[in-house]
Amino acid sequence: MTSRKKLQGLVAATITPMTPDGQINLPVIRQYVDYLVNKQTVKNVFVNGTTGEGLSLSIQERKQLAEEWVCQGKDKLDHVIIHVGALSLPESQELARHAAAIGAGGIAVIAPFFFKPTNKDELVSLLQKVTSEAPDVPFYYYHIPPLTGVKIRVEELLEGIKERIPTFQGVKFSDTDLLDLAQCIHKNEAQQLEFLYGVDEQLLGALAVGANGAVGSTYNYLGRQTNLMLEAFAKPDLALARKYQFLTGEFLNFVIKLGFGVAQTKAVMTFVSGIPMGPPRLPLLGASEEFIAKAKAKLDSIVWPDGN
Ligand SMILES: CC(=O)N[C@H](C=O)[C@@H](O)[C@H](O)[C@H](O)CO
Ligand SMILES: CC(=O)C(=O)O
């Protein structure tokens, strides 16, 4: 593996822009990259994951999106990670080979969620088959039990994983079990792994137990403020860090009560950035006008500690 900059800080889980008639909207990605870097101070992306509706896209669409992000991110982004998980092993392998061929900075794989692995060995066997197709690309396990239903603890999964998967680099940890996360960090301290947290509304708790950074949907439009939280935490100015977490949490708490998912994320990103993200793909339905008006009013009402 070539030497690389350690992945830390914020990673935006990219939204897949779509045209009004539901096609992927590739030309928008160029301005999306500039927006993340210049307006949100976010220099890493995680493509075709949950927020990107990756599992609702065709293999061809996923490849086109991966290529566009790698190409537009060149010299602008630090890391472009491509999610290559799929229900079918050959499809996942094809995506892993493709990610390697286009020069992706990392790949991530979710646990299959129809026929589910029931134990660690089944899961690691599958991950091994996928990742060996991209033998020079750092691999992140994408742990998101609320959506996959695969609840194998990461602490257990990590025991011996490096021997079977030499490219193993870390975990995108999208679960609220901070005991599991903390034990992973504690037990693997010597290994230089990267633990990226994925529940944005409680990132500060994950930082406290040693998370290296975060992957999430909200860093598309709250990246600047969340980076200020990371800075405050590093100083450390915990009172200020908490203020940021409380305020991003105030917004998320508000929208979660209204019903918040990828469709709503697309709408919020559209009004915050001015970049048209378009509708989601079925089975998701677009956010209502009422949601958009309320979410916008809420976000506008928040006064951030830096006065912006
Ligand atoms: C389930 C889901 O989409 N999780 C995202 C990442 O893993 C998060 O970024 C959330 O969107 C965010 O924490 C808001 O709840
Ligand atoms: C949120 C996240 O990390 C994803 O979209 O995959």
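Residues numbered from 1 in each chain as written. Chains lettered and ligands numbered in written order. Predicted model: local features only at pLDDT ≥ 70, side-chain atom pairs only at ≥ 80, totals over all residues. Heavy atoms only, no water.

Another point: the UniProt feature "active site" (unreviewed entry) in the chain. Taken from the UniProt record, the annotation "active site" (unreviewed entry) applies to Tyr 142 and Lys 172. The annotated residues occupy 31 residues of the chain but converge on a single region, no pair of C-alpha atoms lying more than 4.8 Å apart. By secondary structure assignment, the location of Tyr 142 is in strand β5 (residues 139–143). Its relative accessible area of 2% is what places Tyr 142 among the buried residues. Examined against the element boundaries, Lys 172 turns out to sit in strand β6 (residues 168–173). In contact with Lys 172, not counting residues within four places along its chain, are Phe 46, Tyr 141, Tyr 142, His 143, Leu 196, Gly 198 and Val 215. (UniProt positions renumbered as here; feature names shortened; annotations may be inferred. Helix = DSSP H or I, 4+ residues; strand = E, 2+ residues; numbered from the N terminus. Buried < 20%, exposed > 50% of the residue type's maximum accessible area, 1.4 Å probe, protein only. Contact = heavy atoms within 4.5 Å.)

Bringing the site of ligand 1 into the picture now. In the vicinity of ligand 1, the contacting residues are Thr 50, Leu 147, Lys 172, Ser 174, Gly 198, Val 199, Asp 200, Glu 201, Gly 216 and Ser 217. Ser 217 is positioned such that a nitrogen or oxygen atom in its side chain is 2.7 Å from an oxygen atom of ligand 1. Considering ligand 1 on its own, with 390 Å² of exposed area, one finds that the protein chains cover 79% of that surface. (Near = heavy atom within 4 Å. Polar contact = N/O pair within 3.5 Å; in protein donor to acceptor, adjacent residues only side chain to side chain. Areas by Shrake-Rupley, 256 points an atom, 1.4 Å probe, with all protein chains shown as cover.)

Now for the sheet that holds strand β4 (residues 106–110). Whether parallel or antiparallel, the strands of a sheet pair through hydrogen bonds between backbone atoms. Read around the closed barrel, the eight strands follow the order β1-β2-β3-β4-β5-β6-β7-β8; overall the barrel is parallel. Recorded for the sheet is a direction-independent mean angle of 25° between the axes of neighbouring strands. Pairing geometry for β5 and β6, over five bridges, is parallel. Bridging across to β6, His 143 finds its partner in Phe 173. The strands touched by helix α4 (residues 120–131) within the sheet are β4 and β5, with β5 carrying the most contacts at an inclination of about 140°. (Pairing = 2+ DSSP bridges. Axes fitted to C-alpha atoms, helices over the stretch in contact; angles between N-to-C directions.)

Within the largest apolar cluster, 87 residues are counted, with the highest numbers of intra-cluster contacts made by Trp 69, Val 84, Tyr 141, Leu 158, Phe 168, Leu 203 and Phe 251. Not counting residues within four places of it along the chain, the set of residues in contact with Val 84 comprises Arg 62, Ser 92, Leu 95, Ala 96, Ala 99, Ile 107, Ala 108, Val 109 and Val 130. Membership of the second largest hydrophobic core comes to 12 residues, among which are Val 11, Phe 46, Ala 108 and Leu 196. (Core = buried A, V, L, I, M, F, W, Y, C linked by side-chain atoms within 4.5 Å.)

Another point: the pattern of salt bridges. A pair can form between side chains of opposite charge whenever their charged atoms are brought close. Here the structure, examined in full by the defined rule, presents 18 salt bridges. Taking the shortest distance from any N to any O, the salt bridge between Arg 97 and Glu 133 comes out at 2.8 Å. Of this pair, Arg 97 sits in helix α3 (residues 89–101) while Glu 133 sits in the loop between α4 and β5, and the two are 36 residues apart along the sequence. For the salt bridge of Asp 121 with Arg 164, the shortest nitrogen-to-oxygen distance reads 4.0 Å. Pair noted here: Asp 121 is in helix α4 and Arg 164 is in helix α7 (residues 161–164), with a separation of 43 residues, a long-range link. Judged by relative accessible area, Arg 164 falls into the partly exposed class, the value being 37%. Three or more residues are tied together by salt bridges with common partners; here these are Arg 153, Glu 155, Glu 159, Asp 177, Asp 180 and Lys 187. (Salt bridge = Lys/Arg side-chain N within 4 Å of Asp/Glu carboxyl O.)

Ligand 2 sits among Ala 13, Phe 46, Gly 49, Thr 50, Thr 51, Tyr 142, Lys 172, Val 215 and Ser 217. Between ligand 2 and Tyr 142 there is a distance of 2.6 Å, counted from an oxygen atom to a side-chain nitrogen or oxygen. Burial of ligand 2 by the surrounding chains reaches 92%, relative to a free accessible area of 210 Å². Residue composition of the shell around ligand 2, by class: four nonpolar, four polar and one charged. (Nonpolar A, V, L, I, M, F, W, Y, C, P; charged D, E, K, R; others polar.)

Next up on the list: helix α13 (residues 289–301). Structural remark: α-helix, 3.6 residues per turn; residues separated by three or four positions point the same way. An ideal rise of 1.5 Å per residue puts 18 Å on 13 residues; α13 measures up with 18 Å between its terminal C-alpha atoms. Those residues of α13 that sit buried are Phe 291, Ala 295, Lys 298 and Leu 299. For α13, the buried positions fall inside an angular range of 95° around the axis, keeping them on one side. Exposed residues pointing more than 90 degrees away from the buried face of α13 are listed as Glu 289, Glu 290 and Asp 300. Contact partners of the buried residues in α13: α11 (238–258) and α12 (262–273). (Expected span 1.5 Å × (residues − 1). Arc of directions from axis to C-beta.)

For the rest of this paragraph, the subject is the UniProt feature "binding site: pyruvate" (unreviewed entry) in the chain. Cross-referencing UniProt, the feature "binding site: pyruvate" (unreviewed entry) maps to Thr 51 and Val 215 in the present numbering. In three dimensions, the annotated residues from a span of 165 residues occupy one location, with a maximal C-alpha spread of 10.5 Å. Residue classification places Thr 51 among the buried positions, given a relative accessible area of 10%. Once residues within four sequence positions are removed from consideration, Thr 51 is found in contact with Ala 13, Thr 14, Ile 15, Thr 16, Ser 217, Val 262 and Thr 265. Positionally, Val 215 belongs in strand β8 (residues 213–216). Setting aside its immediate chain neighbours within four residues, Val 215 contacts Val 11, Ala 13, Phe 46, Lys 172, Leu 196, Tyr 197, Gly 198 and Asp 200.

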